[in-house]
Structure formats: structure tokens, C-alpha cells
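Descriptive structure summary
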Amino acid sequence: VQLVESGGGLVQPGGSLRLSCVASGFTFSSYAMSWYRQAPGKERDLVARIRSAGGTTNYADSVKGRFTISRDNAKNTVYLQMNSLKPEDTAVYYCNAVPWGMIYWGKGTLVTVSS
């Protein structure tokens, strides 16, 4: 299983970024996909999750209304559209999948929100 994130970078407060995660090694369309983030000195927390069938989504309260998770099963890709970014969104963002009950992580992509 491989999860490869991209799209991170430096953005000013109020700006937007779109993260992508390309998955391989399992039947992507059959499993929920999640984005987590970990800020310096803090625990890794769930940001958003999208189910496999029907695309039901869940969000952390801190990002509701600003972030949108989506998936393209034809491209084995999950996205995280991040709008109205705040300095407190600064973190390494990780893609997560749990096929066959085993937890897999990508290497992460750094998002820095600063003026």
C-alpha cells in the first residue's frame, strides 16, 4: 500500500490550498479515506473523512465550513480543499487508509499559514 500526498506549501492567512493523496495497493473505492494533521508539539488529529460508498463526510469542528474532502475513485485520489486558512491550520497533513483493518499513512505534506 502506498499513499502519496502533495499540494502543501506556504500560504497567507485567508488563502486556499488543495491537497491530493494518490493511493495504490488496495481497492481504493472500497474503503474510507481520511486526512489527519499534526502541528509541532501536538498529537495527530483527524481533519476529515470520506466514506467509500455514497461519499458521506465527517469533519473536525475546527475546519467545518472551510475544508472539503472529496474523492475520485477513477483516479484513486482523495482531495482536501482548504479555504479561509488560518495560522492555526499550520501542520503536516497526512493521508490515511485502513484496508483489511491495517492502518496506513502517507509521509505527509507540510502546510504553513503565515503572512
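Each value, and the rule that gives it
Residues numbered from 1 in each chain as written. Predicted model: local features only at pLDDT ≥ 70, side-chain atom pairs only at ≥ 80, totals over all residues. Heavy atoms only, no water. Helix = DSSP H or I, 4+ residues; strand = E, 2+ residues; numbered from the N terminus. Buried < 20%, exposed > 50% of the residue type's maximum accessible area, 1.4 Å probe, protein only. Disulfide = S-S within 2.5 Å. 1 Å grid on protein atoms, 1.4 Å probe; cavity = no way out; pocket = protein on both sides within 12 Å on 5 of 7 lines; lining within 4 Å. Points joined across faces, edges and corners; volume = space filled by probe spheres on them. Nonpolar A, V, L, I, M, F, W, Y, C, P; charged D, E, K, R; others polar. Pairing = 2+ DSSP bridges.

What follows covers the environment of Ala 74. Mapped onto the elements of the fold, Ala 74 is located in the loop between β7 (67-72) and β8 (77-82). Exposure remark for Ala 74: the relative accessible area of 74% places this residue in the exposed category. Each C-alpha atom, one on Ala 74 and one on Trp 105, is 21 Å from the other, the two residues being 31 residues apart in sequence.

Enumeration over the complete set of coordinates arrives at 1 disulfide. With a sulfur-sulfur separation of 2.1 Å, Cys 21 is cross-linked through a disulfide to Cys 95. Taking the sign of the torsion about the S-S bond as the criterion, the disulfide between Cys 21 and Cys 95, at about -85 degrees, is left-handed. Separated by 74 residues along the polypeptide, Cys 21 in strand β3 (residues 17-24) and Cys 95 in strand β9 (residues 91-97) bring together distant segments of the chain. As far as the burial class goes, Cys 21 and Cys 95 line up, both buried.

Using a probe with the size of a water molecule, rolled over the atoms, empty space left in the structure can be pinpointed. The volume enclosed by the largest pocket comes to roughly 210 Å³. Forming the walls of the largest pocket are 14 residues, and the residues nearest its centre are Arg 37, Ala 39, Lys 42, Asp 45 and Glu 88. At the level of secondary structure, the elements contributing two or more residues to the lining of the largest pocket comprise β4 (33-38) and β5 (44-50). Broken down by element, the lining of the largest pocket gets its largest block of residues, 3 residues, from β5. Partitioning the lining of the largest pocket into residue classes produces 6 nonpolar, 3 polar and 5 charged.

Phi at Asn 76 is positive, roughly 50 degrees, even though this residue is not glycine. Within the secondary structure, Asn 76 sits in the loop between β7 and β8. Within the chain, Ser 84 stands out as a residue other than glycine whose phi angle is a positive 50 degrees. Here Ser 84 lies in the loop between β8 and β9. By relative accessible area, Ser 84 is classed as partly exposed at 41%.

Turning next to the pairing of β7. Of the two faces of β7, the one holding Phe 67, Ile 69 and Arg 71 is buried and the one holding Thr 68, Ser 70 and Asp 72 is not buried anywhere. Relative to β8, β7 is paired through 6 bridges, and the arrangement is antiparallel. For Thr 68, the partnering residue across the bridge sits in β8 and is Gln 81. What sits between β7 and β8 in their antiparallel hairpin is a turn of 4 residues, with Asn 76 showing a positive phi close to 50 degrees.

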